[in-house]
Structure formats: C-alpha cells, structure tokens
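Architecture at a glance
Okay, here's what each chain looks like letter by letter:
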Amino acid sequence: MKNLFKKVSLLLVVVMMVGFVTACGSTETGTNGGSTVAEDKGGWPNGPIEIVVPFNAGGDTDFHARTYAKYLEPILGQPVVVLNIAGANGSAGSIEVMDAEPNGQKALFFHDSMLMNKIVGVTDFAHEAFDVAATGIMDNSYILAVNADSPYETLDDLVQDAKNRPGEILYASSIGGYTYYVGTLLEQLTGIDLNIVDAGGGSDRNAALLAGKIDTNVNPYGVMKPYIDSGDFRVLAVFSEERSGLFPDVPTAKEQGYDIIAQRAYFLSFPKGTDPEIIAKMSDAMEQVAAMEEYKKDVETAYAVEPAFLNTEDTLKYLNNAMAEFEAAKDIINGQ
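**Some points on the sheet that holds strand β7 (residues 195-198)**
Read from one edge of the open sheet, five strands run β7-β6-β8-β5-β9, paired in mixed fashion. At either margin of the open sheet sits one strand with a lone partner, and together these are β7 and β9 (233-238). The average angle at which neighbouring strand axes cross in this sheet is 35 degrees, direction not considered. Pairing of strand β5 (residues 142-147) with β9, which is carried by five bridges, proceeds in the antiparallel orientation. Within β9, the position partnered with Leu-144 by the bridge is Ala-237.

This is the structure in structure tokens:
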C-alpha cells in the first residue's frame, strides 16, 4: 500500500511538471480585442518588424506606412518601425528590402511607381522580385488642379487652350513617375501636346503651382488639400470612375468627356523566399487594420482616401494588370 501511494504521488508530480513546462512554452504575443495574430508559440513575429518607406518622411507614402504601423503593432504584438530610405524614385529602399533576409522582419511599403521604375529603365525589377503580402490603400483620388488665378474653370477649358497652343501648357510631373504617366494619357486621349516638365515631388510641384511657375499639377487630393482648402488651388477634375464621397463637388474627368482613370495601390511586400505563413499573417493583420474605424478616420482626415484592402492574390492580380498596361504604353511613357 505504501509503495502504491509513492507511485501515485510520483505520477501526480510528473503530470504537474508537464503542465508547467507546456504553459511556459506557450507565448501569446499581441492581442486585438481577442483577435491575435502571433499565437503560434515561438513563430513569427518574434522581434521588431522594419517597414522601409523608399522616400523621405512627410509624404503620402510615409504617412500611409506610419499609420499602418501604428495599428499593426498591437495586432502583431511586436514593435513595427518605419525606416525612410530615399533615392532613385524609390529604388534605393526597394533594393534594401530585396537584398534582406527573407525572415519576415523587414518589409517594403511602396506603390505603382515601383512598376514605372522598371518601365523607364531606372531598375530591372518590379513586384515580381518580392513576395507581395497585401494592399492597404487604393488611392483613386488623383486630381488635376490649377492656380486660383488660372483662366481655366473646367478640364475642357485647359484641353481647348492646349489645342490652340501646342507645347506651351506647363504640366508638372516627376519624369518617369506615375503623374508623368497620367500626363501622357491625357495627351494621348485628347490629342494635345503638353509641355511636361520635371518639377520634383508632390510638395515641390505644389510650390511651383503656388508660385505660378507651372500651369497645372496632378497629385492625390490629400497632397494638395491644404491649398484647396485655403482657396489657392482650383480642382478641375478627379480621375476616378465616380465622384469621391469625401470631396463630392469635384467632377470626374469621365463625366466631362475624358475617360481617364488614375489610381495606385500602396502595398506591402517581403524579400523573395519569405515563408507563405508569414505573408498570410501579415495580410490578415492588414485586413484587420483596414476594417478599423479609427484607421478609416485617420486616412480620410489626412489624405481624403478610404481604406481599400486587397489580399495577396488580388494585389498580385492588380499589379500584373498595371504592369501590362504600362508595358503597352512603354513607348509613349519613354517619349518614343
């Protein structure tokens, strides 16, 4: 009887130790109101995540990356740090991530200009060189604006004047950038010849339009919003299928007879070779962010855009279609 008591006691001790070890080995990092991404007991993410923005701080890409990072942290349960690595229209930051270890700890936040860089020969790669996770923002708020002192009240006013004065209307762009592509689309559709000049990034082009050094500027609405609100700029058209609910007084180019649609996806990608499970978890986390009311309010207030989440498959489909469109217009984009 005494021996039986010893055996039962030993068994209880073993059971308790197993339970203790199991409990210690299970880590639950990060919660989001009961929804947890990093509950896989030692799996990704297991350290700070770096998101590279391939431009300087302060622009739209930087804003969208930092806003996502803020809301991703509690979901992923790890710090999400934004790094700005500017150079060669986003190429320097892209290469930084492309050459990184595919361990899920470093990612790139970029947009369609990655594709345009390949089209114009700045790089020899685009999204196919990465493992794409998801799209957080689909910006369809591209507008064409003029200085408030401009004689143009409508898009047609500008087009008709450009027909009468070929090569004289100054259209600001970043050569090789997406706004350059939009300008070539406008020329192709209307048969006009604009004087497309390189006026730098979005803030540089705003300064040039404010100073009257250029005639027109194309940017996402949020990039020009302060000048629109102050009355310095007048918006002639938005290049979207329908009017935006955030600035409903601006007519679309399409309803004015010019069927031009401009949009770009802000997507997140990892180095090639990243574990598909990591990509799926990041996509899931980004979808949770896109559904948050606080996040929606942040991006609407700052940049007049609405969240538009695309998962991995849909993002790849969008990027492949966009690349095919750019390839078809390659000669026009390169001025050949």
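Still more to cover.
**Some thoughts on the nonpolar core**
Met-114, Leu-115, Leu-144, Tyr-181, Leu-194, Phe-239 and Phe-326 are the most contacted members of the largest nonpolar core, which totals 50 residues. When residues in this core are grouped by element, the largest group, six residues, is from helix α6 (residues 178-190). For Tyr-181, the residues in contact, after removing those within four places along its chain, are Met-116, Glu-325, Phe-326, Ala-329 and Ile-333. Listed in part, the 34 residues of the second largest apolar core include Trp-44, Ala-69, Phe-270 and Val-305.

**Observations regarding the sheet that holds strand β10 (residues 264-271)**
Spatially, β2-β1-β3-β10-β4-β11 is the arrangement adopted by the six strands of the open sheet, whose pairing is mixed. Where the open sheet ends on each side, the last strands, each with one partner, are β2 (80-84) and β11 (307-310). Pairs of neighbouring strands in the sheet enclose a mean axial angle of 25 degrees, with direction left out of account. On top of the sheet, helix α3 (residues 91-98) reaches β1 (49-53), β3 (106-110), β4 (130-139) and β10; it is set at about 150 degrees to β3, its chief contact.

**Focus: the side chain of Ser-94**
Within the secondary structure, Ser-94 is located in helix α3. Here Gly-90 takes part through its backbone oxygen, which lies 2.8 Å from a polar atom of the side chain of Ser-94. Once residues lying within four places of it in the same chain are set aside, the contact partners of Ser-94 are Pro-54, Leu-108, Phe-110, Met-114, Phe-125 and Phe-130.

**A look at the pattern of salt bridges**
Under the definition given, this model contains 15 salt bridges. In this structure, Lys-296 and Glu-300 form a salt bridge, with 2.9 Å as the shortest nitrogen-oxygen distance. Here the residue Lys-296 and the residue Glu-300 both occupy positions in helix α10 (residues 293-303), the gap between them amounting to four residues, near one helical turn. Ionic contacts of the salt-bridge type, sharing partners, join the residues Glu-50, Glu-96 and Lys-106 into one network.

**Side note on the environment of Ala-126**
Note that Ala-126 resides in the loop between α4 (113-119) and β4. Taking the C-alpha atoms as reference points, Ala-126 and Met-116, 10 residues apart in sequence, are found 8.3 Å from one another. Setting aside residues no more than four positions away along its own chain, Ala-126 makes contact with Met-114, Leu-115, Lys-118 and Met-323.

**A short note on the packing of helix α2 (residues 60-76) against α10**
The contact between α2 and α10 brings their axes to 11 Å, and the two run at 165 degrees. Taken together, the axes of α2 and α10 are roughly antiparallel relative to one another. As α2 packs across α10, the resulting crossing turns out to be right-handed. Between α2 and α10, the residues in contact are Asp-60, Phe-63, His-64, Thr-67, Tyr-68, Lys-70 and Tyr-71 and Glu-294, Tyr-295, Asp-298, Val-299, Ala-302 and Tyr-303, respectively. Here the residues of the contact of α2 with α10 sort into seven nonpolar, two polar and four charged.

**Considering the environment of Phe-233**
By secondary structure assignment, the location of Phe-233 is in strand β9. Spatially, the C-alpha atoms of Phe-233 and Ser-150 are 9.1 Å apart, while their sequence positions differ by 83 residues. With residues up to four places along the chain from it excluded, the contact list for Phe-233 reads Ala-145, Val-146, Ala-148, Asn-206, Leu-209, Leu-210, Met-224, Tyr-227 and Ile-228.

**A short note on the side chain of Thr-67**
Within the secondary structure, Thr-67 is located in helix α2. Residue Thr-67 is classed as buried on the basis of its relative accessible area of 6%. Apart from the residues within four sequence positions on either side, Thr-67 is in contact with Tyr-295, Asp-298 and Val-299.

Reading guide: rules and limits
Residues numbered from 1 in each chain as written. Predicted model: local features only at pLDDT ≥ 70, side-chain atom pairs only at ≥ 80, totals over all residues. Heavy atoms only, no water. Pairing = 2+ DSSP bridges. Helix = DSSP H or I, 4+ residues; strand = E, 2+ residues; numbered from the N terminus. Axes fitted to C-alpha atoms, helices over the stretch in contact; angles between N-to-C directions. Core = buried A, V, L, I, M, F, W, Y, C linked by side-chain atoms within 4.5 Å. Buried < 20%, exposed > 50% of the residue type's maximum accessible area, 1.4 Å probe, protein only. Contact = heavy atoms within 4.5 Å. Polar contact = N/O pair within 3.5 Å; in protein donor to acceptor, adjacent residues only side chain to side chain. Salt bridge = Lys/Arg side-chain N within 4 Å of Asp/Glu carboxyl O. Parallel < 35°, antiparallel > 145°, perpendicular 65-115°, else oblique. Left-handed = near helix turned anticlockwise from the far one by under 90°. Nonpolar A, V, L, I, M, F, W, Y, C, P; charged D, E, K, R; others polar.

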